[in-house]
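Chain residues, written in single-letter form:
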Amino acid sequence: MKAALVGVDTASPDGAPVLLHEARRPTGRERGPDAVVETVLGFAAELRALGAARYGAPAAAAGVAVPGIVDERAGRAVYAANLGWRDVPLRALLSERLGGVPVALGHDVRTGGLAEGRIGAGRDADRFLFVPLGTGIAGAIGIGGRIEAGAHGGAGEIGHIVVRPDGPECGCGRRGCLEAVASAAAVGRDWAAVCGDPLAGAADAAKAVASGDERARAVWQRAVDALADGLVTALTLLDPQMLIIGGGLAEAGDTLFTPLREAVRRRLTFQRLPSIVPAALGDAAGCLGAGLLARDLLSTEVTA
Ligand SMILES: [Zn+2]
């Protein structure tokens, strides 16, 4: 997990968040779900102490972003398969550990999307879709400065739109979901099977594509076509100004973006083509977004 102390740039008109201190540590998930909760709480408490020692006052609020299904309004981590969490009241636990400061709980991808929308690639777009292509595929729907969470905390799960009904099995139990066909993990798996190197990943596939390998191009184009099918479904529903693509696969740059723009464009009839751009904040999006969630709590308090 990643954590940061976040300050506010007082010279910027909208008080942009600034990472003051960053740290990482393992979740400790091999010791079970409760140990992960304890790691989160302990990590946050240490950072708070560090901030107090270094800046003379502790952080005034905290934001935390977690994977899985998250009920932001209730402050509960409803379900996270990879952490073994079921209905963890993380917001209350964290506030208690941090001496009662206000705490915001967010979903990891929606929180990253919030940062991309406010201070990253989507700064000038008030309707966008942020889609990180990593081990899985998720999405954050940006609308007028906020991210749509849905009625049950499940909005934006574009990775589980079925794009190839006979495709590979997905972790969710269905077949042919977008993430089973076009995530960085799926592209890596497909390229490893074709090139014969079991350790090959999506980055190796991208390199082989760039060097003109025809087998790699076939693997890559299959993923791009599936991705375009999924994105066109989303943009038909949402009509965004901008599609912001992040995650490991986006690191391929033009090797991804050039054929992806073309594949999306070819599929449109009446829909308007949004700009399709790389994410700007990379790895820092989650921490910056959690900082924004925390800062929003403080500005709400001031105006209230
Ligand atoms: Zn699925």
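Here the structure is shown first, and the text comes after it.
### Examining the pattern of salt bridges
A full pass over the atoms with the stated rule returns 18 salt bridges. Notably, a salt bridge pairs Asp 296 with Arg 118, separated by 2.7 Å at the nearest N-O pair. In this pair, Asp 296 sits in helix H9 (residues 285–303) while Arg 118 sits in helix H3 (residues 108–119), placing the two residues 178 residues apart along the sequence. Given a relative accessible area of 22%, Asp 296 falls into the partly exposed group. Using a relative accessible area of 27% as the deciding quantity, one classes Arg 118 as partly exposed. As a salt-bridge pair, Asp 190 and Arg 189 come within 3.0 Å of each other at their nearest N and O atoms. Salt bridges linked by common partners bring Arg 164, Asp 225, Asp 229, Arg 266 and Arg 267 together as one network.

### Describing the coordination of the zinc ion
Every protein donor of the zinc ion is accounted for by His 160 (ND1), Cys 170 (SG), Cys 172 (SG) and Cys 177 (SG), and the metal-donor separations fall at 2.0 to 2.3 Å. For the zinc ion, the four donor atoms are set out with angles of 103 to 121° between them, so the coordination reads as tetrahedral. According to the relative accessible area criterion, Cys 170 is buried, its value standing at 7%.

What counts and what doesn't
- Residues numbered from 1 in each chain as written.
- Predicted model: local features only at pLDDT ≥ 70, side-chain atom pairs only at ≥ 80, totals over all residues.
- Heavy atoms only, no water.
- Salt bridge = Lys/Arg side-chain N within 4 Å of Asp/Glu carboxyl O.
- Helix = DSSP H or I, 4+ residues; strand = E, 2+ residues; numbered from the N terminus.
- Buried < 20%, exposed > 50% of the residue type's maximum accessible area, 1.4 Å probe, protein only.
- Donors = N, O, S within 2.8 Å, 3.2 Å for Na, K, Ca; no water.
- Tetrahedral: all angles 85-135°; square planar, octahedral: opposite > 155°, others 65-115°.

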